[in-house]
Amino acid sequence: MPGTDELRPWRALAALVLGFFMILVDLTIVTVATPTIIEKLDASVNEVVWVSSAYMLAYAVPVLISGRLGDRFGSKYLYLAGLTVFTLASLWCGLTNSIEMLIVARVVQGLGASMITPQTMAIITRIFPAAERGKAMAAWGATAGVAMVVGPVLGGVLTDGLGWEWIFFVNVPVGVIGFVLAMRWVPALPTHEHSFDWLGVVMSGVGLFLLAFGIQEGHDKHWASWIIAMIVGGVVMIGLFVLWQARNRREPLVPLGLFKDRNFSVSNVAISVMGFVGVSMGYPLMLWAQAVRGYSPTQSALLLLPMAVMSIVLAPYVGRLTDRVHPRLVVGTGFALTIIGMFTLATQLQRTSQIWLLCVFQVVLGTGNAFIWAPTAATANRNLPLRLAGAGAGVYNAVRQVGSVVGAAAIAVMMDSRLSHYLPGAAAHGDAGAARITDSRAADLFSKAMQQSFLLPAAICVLGLVAVLFYEPFKHTAGAPASSPDLRGRHVDRGVAVDAPARG
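The written sequence of each chain sets the order in which its residues are numbered from 1. Side-chain atom pairs in this predicted model are given and counted only at pLDDT of 80 or more, local residue features only at pLDDT of at least 70, and totals for whole chains, interfaces and linings cover all residues. Note: side-chain values were computed over all heavy atoms of the structure, leaving out hydrogens and water.

By the naming in an unreviewed UniProt entry, the protein chain goes by DHA2 family efflux MFS transporter permease subunit and is assigned to Nocardioides mangrovicus. UniProt positions are given in the numbering used here, feature names are shortened, and annotations may be inferred rather than shown by experiment. In its Sequence similarities (unreviewed entry) section, the UniProt record describing the protein chain reads: "Belongs to the major facilitator superfamily. EmrB family." In its Subcellular location (unreviewed entry) section, the UniProt record describing the protein chain reads: "Cell membrane".

Following this line, the structure appears as structure tokens:
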């Protein structure tokens, strides 16, 4: 029989979102420290972007199968293992003294993160009754949105006050606390046998790596024929992966039948866009603030504070709308506000711009973010039958990470291209952003490069808006439970007992 702690799902959720928050903060915490890392480790802009790209690639590829590993060996125990790997790798990141070793350490950190994420969604699905599951998933989604905007702010404060190493050292005490809370509050759920699609893991991993590496290194390598071959090879490999998923009759990594639900498909497009935008927008903004305006990392990070505050304050209120308002209206409003905020924010990346205006547009951007993250997460699995909810969670997380990987690669290309155009030579290969640009003409040219780079994530947001216009109304409300949890590992689904869902 489950113990007392196992019957308190909200305490378990609190422990889980602590670890989840930490690993998502690390997606964006590096952006504000970029100029400092460039200077301290004698790196280029492209190399520092790889610090994030390596983490995201190592995070994205195994996440499709780590959910099933959680089912096989226990979601709680895989979560704890991932938290341990992530925490130790964070310590390694802070102790490195070269850009190459930092990238390697970030790969290990990403592997730990990939073990954590699907377990959080899987455990929520299994321990919350349907009447509360929507609220729990909204809290989970809000955590993701808040983490993406808090990362740069926290990174700025730590970099300026203690040094860039502390953006990684801070994870150590948080990881220890998260481990203790998870041990005490997260229930140990029954395990289930699964077959593992290791061929699918290899195909998706190779495809993503070839695509991300080719895109990010393309401009720096002058789009050499081997770079083009890598990109084409990545696309072909991903195509073969999809074909294999369609033919795999056992347990494919991505059950393609999930995409028959329109809301699930639309939510995946929306969250991939937000993954792209959340990672890519910080780089040009932070480089501009420190190189052109001469701000410290903390001052630069505070430019994002209005966005972070709005995301945090509005998240619980927006989460409550998910059950009552058509998702097209809620998430569509979010994307519309985000587009307005980003395009207007781009106009302010000038040497002589008024910072108060930039902060106003950050408020608009933060409001838009609040209307996207939690409702999209809650809507993704809402219409899926319970037996597919876990698999849907794995796909949803993987798609978000793919968006982040492509976003980091694309913004690196965009910045490198624009800097090479306006400030050819050394500006694009290490000097850019390492110190304040004192020459007014060079500062204006650098601002133009960052402005044009910032337009890339702004334009990608338009794709998200178009996608969410195709949302359908919910087939049932959270108040009419389709199932209730049973901590012995089974669910009652409209009166029929079914096994707890497989998680991909």
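Let's pick the thread back up.
Here's the deal with the nonpolar core
The term nonpolar core refers to a set of buried residues drawn from Ala, Val, Leu, Ile, Met, Phe, Trp, Tyr and Cys, joined through side-chain atoms within 4.5 Å. For the exposure calls, accessible area comes from a 1.4 Å probe over protein chains only, and a residue counts as buried if that area is under 20% of its type's maximum, exposed if over 50%, partly exposed in between. Counting 139 residues, the largest nonpolar core has Ile37, Leu102, Trp288 and Phe446 as its most contacted members. Judged by nonpolar contacts, the second largest core, of five residues, contains Val318, Val330, Ala370 and Phe371.

What about the side chain of Gln451?
Within the fold, Gln451 resides in helix α20 (residues 440-468). Judged by its relative accessible area of 19%, Gln451 falls in the buried class. Look past the residues within four positions of Gln451 in its chain and what remains in contact with it is Ala346, Thr347, Leu349 and Gln350. A run of DSSP states H or I qualifies as a helix once it reaches four residues; a run of E qualifies as a strand once it reaches two. Both are numbered from the N-terminal end. We call two residues in contact whenever any of their non-hydrogen atoms come within 4.5 Å of each other.

Looking at the pattern of salt bridges
A side chain of one charge can pair with a side chain of the opposite charge if their charged atoms are brought near each other. The term salt bridge refers to a pairing of a side-chain nitrogen on Lys or Arg with a carboxyl oxygen on Asp or Glu at a separation within 4 Å. What the rule picks out here adds up to three salt bridges. Between Arg106 and Asp26 there is a salt bridge, with its nearest N and O atoms 3.3 Å apart. With a gap of 80 residues between them, Arg106 in helix α6 (residues 99-127) and Asp26 in helix α1 (residues 9-28) connect regions that are remote in the sequence. For Asp26, a relative accessible area of 0% puts it in the buried group. Put simply, Glu472 and Arg262 hold a salt bridge, and the shortest N to O gap is 3.8 Å. Taken together, the residues Glu472 in the loop between α20 and β1 (483-486) and Arg262 in helix α12 (residues 262-280) connect sequence positions 210 residues apart. On the basis of relative accessible area, Glu472 is assigned to the partly exposed category, the value being 27%.

Examining a nonpolar patch on the surface
What goes into a patch is any residue over 30% in relative accessible area without a salt bridge, connected to like charges within 9 Å or, for nonpolar side chains (Val, Leu, Ile, Met, Phe, Trp, Tyr), within 5 Å. Per-residue accessibility takes into account occlusion by the displayed protein chains alone, with areas from the Shrake-Rupley method and a 1.4 Å probe. Together, Trp223, Ile228, Val232, Val236, Leu240 and Leu243 line one region of the surface with nonpolar side chains, adding up to about 510 Å² of accessible area. Along the chain, Val236 falls in helix α11 (residues 225-247). Since its relative accessible area comes to 44%, Val236 is described here as partly exposed.

A word on the packing of α12 against helix α16 (residues 327-347)
One can describe the packing of α12 onto α16 by two numbers: an axis separation of 13 Å at closest approach and a directional angle of 20°. When the axis of α12 is compared with that of α16, the two are roughly parallel. Of the two elements, α12 crosses α16, and the hand of that crossing is left-handed. On α16, the residues that touch Asn263, Ala270, Val273, Met274 and Val277 of α12 are Pro327, Phe335 and Met342. Orientation is described by axes fitted as lines to C-alpha atoms, over the contacting stretch for helices, and by angles from 0 to 180 degrees between their N-to-C directions. Orientation is classified from the angle alone, with under 35 degrees giving roughly parallel, over 145 giving roughly antiparallel, 65 to 115 giving roughly perpendicular, and any other angle giving oblique. Left-handed describes a crossing whose near helix is turned anticlockwise from the far helix through less than a right angle; right-handed describes the clockwise counterpart.

What to know about the packing of helix α4 (residues 63-73) against α6
For the pair α4 and α6, interaxial distance at closest approach is 8 Å and the crossing angle is 55°. Relative to α6, α4 is oriented oblique. Two packed elements cross with a definite hand, and for α4 against α6 that hand is right-handed. Contacts between α4 and α6 pair Val63, Ser66, Gly67, Gly70 and Asp71 from the former with Ser114, Met115, Thr117, Pro118, Gln119 and Arg126 from the latter. Asp, Glu, Lys and Arg are counted as charged, while Ala, Val, Leu, Ile, Met, Phe, Trp, Tyr, Cys and Pro are counted as nonpolar; the rest, among them Gly, fall into the polar class. Here the contact of α4 with α6 is built from residues that sort into three nonpolar, six polar and two charged.

Focus on the environment of Ser447
Mapped onto the elements of the fold, Ser447 is located in helix α20. What makes Ser447 buried here is its relative accessible area of 3%. Distance in space between the C-alpha atoms of Ser447 and Gln348 is 9.4 Å, their sequence separation being 99 residues. When sequence neighbours within four positions are dropped, the list of residues in contact with Ser447 reads Trp288, Val292, Leu349, Gln350 and Arg351. Here the side chain of Ser447 touches Ala443 through a polar contact of 2.9 Å, landing on its backbone oxygen. Residues adjacent in sequence count toward polar contacts only when both atoms are side-chain atoms; beyond that, a polar contact is any pair of N or O atoms within 3.5 Å, and within protein one must be able to donate a hydrogen and the other to accept it.

Here we look at unusual backbone geometry
For Asp42, which is not a glycine, the phi torsion comes out positive at approximately 50°. Examined against the element boundaries, Asp42 turns out to sit in the loop between α2 (34-40) and α3 (45-60). Judged by its relative accessible area of 69%, Asp42 is exposed.

Here we look at the confidence of the model for the protein chain
Values of pLDDT, which run from 0 to 100, indicate the predictor's confidence residue by residue. In this model, the protein chain carries a mean pLDDT of 82, and residues with pLDDT of at least 70 account for 88%. The secondary-structure element of the protein chain with the lowest mean pLDDT is strand β3 (residues 496-499), recorded at 32, while α16 shows the highest, at 95. Across residues 1-6 the pLDDT falls below 50, and counting only partners more than four positions away or on other chains, this stretch makes nine contacts in the model. Counting contacts from residues 477-504, a segment whose pLDDT is below 50, to residues more than four positions away or on other chains yields 86 contacts.

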